[in-house]
Amino acid sequence: MKLAQRIGEIASVYSLETQDVVELLREATSESIELRKGEDIGAYYKNNNIVFIVKENINPLLRLDYTSGNEAARIIDITKNRNLYKNILVKFQQKLEECSARTSLIKILELKKHGSGICKGEIVRLTRNGFFVKTAYGSAFCRNNQQVLKEAEIGLYKHEKVLDFYIKDASISEGKLRINVSRTAEELTNFIIQENFSTEAVLFNVKRKCGVYVRIYHDARITPSDEMTKKLRYLFGGENIIYRAVL
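Summary of the structure given here. (Residues numbered from 1 in each chain as written. Predicted model: local features only at pLDDT ≥ 70, side-chain atom pairs only at ≥ 80, totals over all residues. Heavy atoms only, no water.)

Tallied over the entire structure, the rule returns three aromatic pairs. Seen in terms of ring centroids, F131 and Y157 are 5.1 Å apart; in terms of plane orientation they differ by 45°. Their pairing is tilted. With a gap of 26 residues between them, F131 in strand β5 (residues 130-135) and Y157 in the loop between α4 (149-153) and β7 (162-173) connect regions that are remote in the sequence. As far as burial versus exposure is concerned, F131 and Y157 are alike and both buried. Taken together, the ring pairs connect F131, Y157 and F165 into an aromatic cluster. (Phe/Tyr/Trp six-rings, centres within 6.5 Å; stacked < 30°, edge-to-face > 60°. Helix = DSSP H or I, 4+ residues; strand = E, 2+ residues; numbered from the N terminus. Buried < 20%, exposed > 50% of the residue type's maximum accessible area, 1.4 Å probe, protein only.)

Spelled out as structure tokens, the structure:
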């Protein structure tokens, strides 16, 4: 496998840009070797490999040179020293996770501030306290008290099931991104209604008693169809759909 392809795969897994991945590897290498005063590390591609160059007074804006090696004080082959190579990989992995966590957190905060706060998630593991969900932002957890009891009773929360979730909160702890999601949040109810209700209708309010009913207050000029009612009832796990026309 070519290096550029491998770098691209790593970038995809961690939702990063390829240049960010190379920079993190450069940083991990720089922190793992002994540098003299005034030295720093630059990197460039050569024969499908990344060559790290130890330079004096390197311009930080030109650290990554894809075209040529230029004159260097020292060239390091990190693969020849197993301990060094191992240390670099450990640091590199840590930096990837930390950078990915920061990037995902920023995206989540933007989604909650300027968007719906809703994401799709695939249930990947069930526990006594809830279940883990794979999302586009990373692994999330849905606690028991954030689940709809009726949905759990009818077996909706099963392995590989894909559902919409509201992101309640997200934070970074010990370098790891922690995401908590909900199926009971009012925001999720509003999102589902807005996505599936008649586009011509004006919605005034939505009230939900999880597992029992969803009450929709809408413009009296619109009559909800039976087909839409069936769809909403399915999306809400069989809950009763109640309409209230507002003049």
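More follows now that the structure is in view.
Alignment of strand β4 (residues 118-126) against β7, held across five bridges, turns out to be antiparallel. Residue pairing across strands places G121 opposite L163, the latter belonging to β7. Where β7 lies against strand β8 (residues 176-182), seven bridges are found, and the strand directions are antiparallel. Across the sheet, the residue bridging to I172 is L177, located in β8. Joining the antiparallel neighbours β7 and β8 is a turn of two residues, in which E174 adopts a positive phi near 55°. (Pairing = 2+ DSSP bridges.)

Summarising the element assignment, R215 is placed in strand β10 (residues 213-219). Setting aside anything within four residues of it in sequence, one finds R215 in contact with N205, V206, K207, I242 and R244. (Contact = heavy atoms within 4.5 Å.)

Once that is clear, we can look at the packing of helix α2 (residues 18-32) against helix α3 (residues 82-114). The contact between α2 and α3 brings their axes to 8 Å, and the two run at 135°. Between α2 and α3, the crossing angle belongs to the class labelled oblique. Pair α2 / α3 crosses with right-handed handedness. Seen from α2, the contacting residues are V21, L24, L25, E27, A28, T29, E31 and S32; seen from α3, they are L84, N87, I88, K91, F92, K95, L96 and C99. The residue inventory of the contact of α2 with α3, partitioned by class, reads nine nonpolar, three polar and four charged. (Axes fitted to C-alpha atoms, helices over the stretch in contact; angles between N-to-C directions. Parallel < 35°, antiparallel > 145°, perpendicular 65-115°, else oblique. Left-handed = near helix turned anticlockwise from the far one by under 90°. Nonpolar A, V, L, I, M, F, W, Y, C, P; charged D, E, K, R; others polar.)

The subject of this paragraph is the environment of L232. Of note, L232 is situated in helix α6 (residues 226-235). With relative accessibility at 0%, the residue L232 sits in the buried group. In this structure, the C-alpha to C-alpha distance between L232 and F197, residues 35 residues apart in sequence, is 8.2 Å. Setting aside chain neighbours within four positions, we find L232 in contact with I193, N196, F197, I216, I241 and Y243.

Looking now at the sheet that holds β7. In spatial order, the strands read β4-β5-β6-β8-β7; together these five strands close into a barrel with mixed pairing. The mean angle between the axes of side-by-side strands here comes to 50°, regardless of whether they run parallel or antiparallel. Sheet topology places β4 next to β5; five bridges connect them, and they run antiparallel. Each residue of the ladder has a partner; that of R125, found in β5, is F132. Sitting on the sheet, α3 is in contact with β4, β7 and β8, with an inclination near 120° to β7. With respect to the sheet, helix α5 (residues 186-196) is in contact with β4, β7 and β8, its orientation differing from that of β7 by roughly 140°.

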